[in-house]
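# Structural description and commentary
For reference, the chains in residue letters:
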Amino acid sequence: MARYTRIPGSLALITLTNPPVNALSVAVRQGIIDTMSRALSDPEVKGVVLCGENRKFCGGADIREFAGPMKGPHLVPTFDSIEAAEKPVVAAIEGVALGGGLELALACHYRIAHVKARLGLPEVTLGLLPAAGGTQRLPRLIGVPAALDLITTGRHVSAQEALKLGIVDRVTDGDAREVAAELARSVSGQASRTLPPLPVLRVAHLSPFRLN
Ligand SMILES: CCCCCCC/C=C/C(=O)SCCNC(=O)CCNC(=O)[C@H](O)C(C)(C)COP(=O)(O)OP(=O)(O)OC[C@H]1O[C@@H](n2cnc3c(N)ncnc32)[C@H](O)[C@@H]1OP(=O)(O)O
């Protein structure tokens, strides 16, 4: 599930609620769609903060659902609709943002991380790819070499390394939700931030092709 709360400054706070790590179960994916739609259709809401319950942003796809057939909304359109939102969406990353959890944060327009947060794309360790936009959004944000390192090793990075790499916009030792709310208020009314275009790979004797 995802809980919807109105917070000061004309903002909506969306909290993923699926203990223990707020993994992206069917109910959480549907909850994101429902709460985002509520925030976007309310003219009083000028921006959105997205966080996870119990100070854990999101541990990724819900591995408890891997045994059965895929049900409910897919991650890709769910995340695409966040990226396409005309109101700023800021991820408040506490605890972990792993796999689909980091891909969710990458679909947001801004990311604030708590100093103790860990981020990564560990899909490769499960024999999967970050197939919910991570292979596109991460290279656009931090460049191909750094993105390939994270995608192919599955290693977790600290909040400080994530800041250095350009994955997050700010690191705080305070309440990441409050810092995210401050940022959302300061950019509300501005055009949503978009990622730079995909890098074009040029190989001798071949026409350039787009990485997608
Ligand atoms: C079919 C096509 C799908 C395409 C989509 C592809 C895109 C997305 C893919 C993914 O997201 S794959 C999943 C990626 N995430 C992970 O691999 C995270 C795995 N978990 C961990 O690394 C650790 O558990 C942790 C989150 C760092 C927490 O570590 P900690 O040492 O603090 O606690 P643990 O004892 O390991 O775990 C606590 C508790 O949480 C449960 N859990 C952890 N991750 C998940 C998860 N992703 N889904 C569901 N449950 C999860 C874990 O099983 C423990 O549960 P209990 O044993 O306490 O019941």
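Everything numeric here is computed off the predicted structure, so don't read it as measured data. (Residues numbered from 1 in each chain as written. Predicted model: local features only at pLDDT ≥ 70, side-chain atom pairs only at ≥ 80, totals over all residues. Heavy atoms only, no water.)

Bringing the overall build of the protein into the picture now. A count of helical and extended segments in the protein gives seven helices and 11 strands. The buried share of the protein, taken over its 212 residues, is 48%. Nonlocal contacts in the protein, meaning residues at least 24 apart in sequence, comprise 71% of its contacts between residues at least 6 apart. Surface summary for the protein: the accessible area is close to 10200 Å², and the carbon and sulfur share equals 58%. Between the centroid of the 23 positive side chains of the protein and the centroid of its 19 negative side chains there is a distance of 2 Å. (Helix = DSSP H or I, 4+ residues; strand = E, 2+ residues; numbered from the N terminus. Buried < 20%, exposed > 50% of the residue type's maximum accessible area, 1.4 Å probe, protein only. Contact = heavy atoms within 4.5 Å. Areas by Shrake-Rupley, 256 points an atom, 1.4 Å probe, with all protein chains shown as cover. Lys, Arg positive; Asp, Glu negative; His and termini not counted. Charge placed at Lys NZ, Arg CZ, Asp CG, Glu CD.)

We now examine the confidence of the model for the protein. Interpreting fine coordinate detail is not advised for predicted regions of low pLDDT. Of the residues in the protein, 93% have a pLDDT of 70 or more, and the chain-wide mean is 94. The ipTM value of the predicted complex is 0.96, and its pTM value is 0.94. (pLDDT = per-residue confidence, 0-100.)

Once that is clear, we can look at the sheet that holds strand β2 (residues 11-16). Spatially, the six strands line up as an open sheet ordered β1-β2-β3-β4-β6-β9, and their pairing is mixed. The strands lining the two open edges of the sheet, one partner per strand, are β1 (2-7) and β9 (170-172). If you compare each strand with its neighbour and ignore which way they point, the axes differ by 20 degrees on average. By the bridge criterion, six bridges tie β2 to strand β3 (residues 47-52) in an arrangement that is parallel. Within the sheet, the bridge partner assigned to L16 lies in β3 and is G52. (Pairing = 2+ DSSP bridges. Axes fitted to C-alpha atoms, helices over the stretch in contact; angles between N-to-C directions.)

Looking now at the site of the ligand. In the neighbourhood of the ligand, 19 residues make up the surrounding shell, with P20, G59, A61, I63 and G100 lying closest. I63 is positioned with one of its backbone polar atoms (N or O) 3.1 Å from a nitrogen atom of the ligand. Protein chains shield 57% of the accessible area of the ligand, which is 1100 Å² for the free molecule. The residue makeup of the shell around the ligand, split by class, is 10 nonpolar, four polar and five charged. (Near = heavy atom within 4 Å. Polar contact = N/O pair within 3.5 Å; in protein donor to acceptor, adjacent residues only side chain to side chain. Nonpolar A, V, L, I, M, F, W, Y, C, P; charged D, E, K, R; others polar.)

Below, the discussion takes up the environment of L165. Take L165: it is sitting in helix α6 (residues 159-165). A C-alpha to C-alpha distance of 9.3 Å links L165 and A147, two positions 18 residues apart in sequence. In contact with L165, not counting residues within four places along its chain, are I142, A146, L150 and V157.

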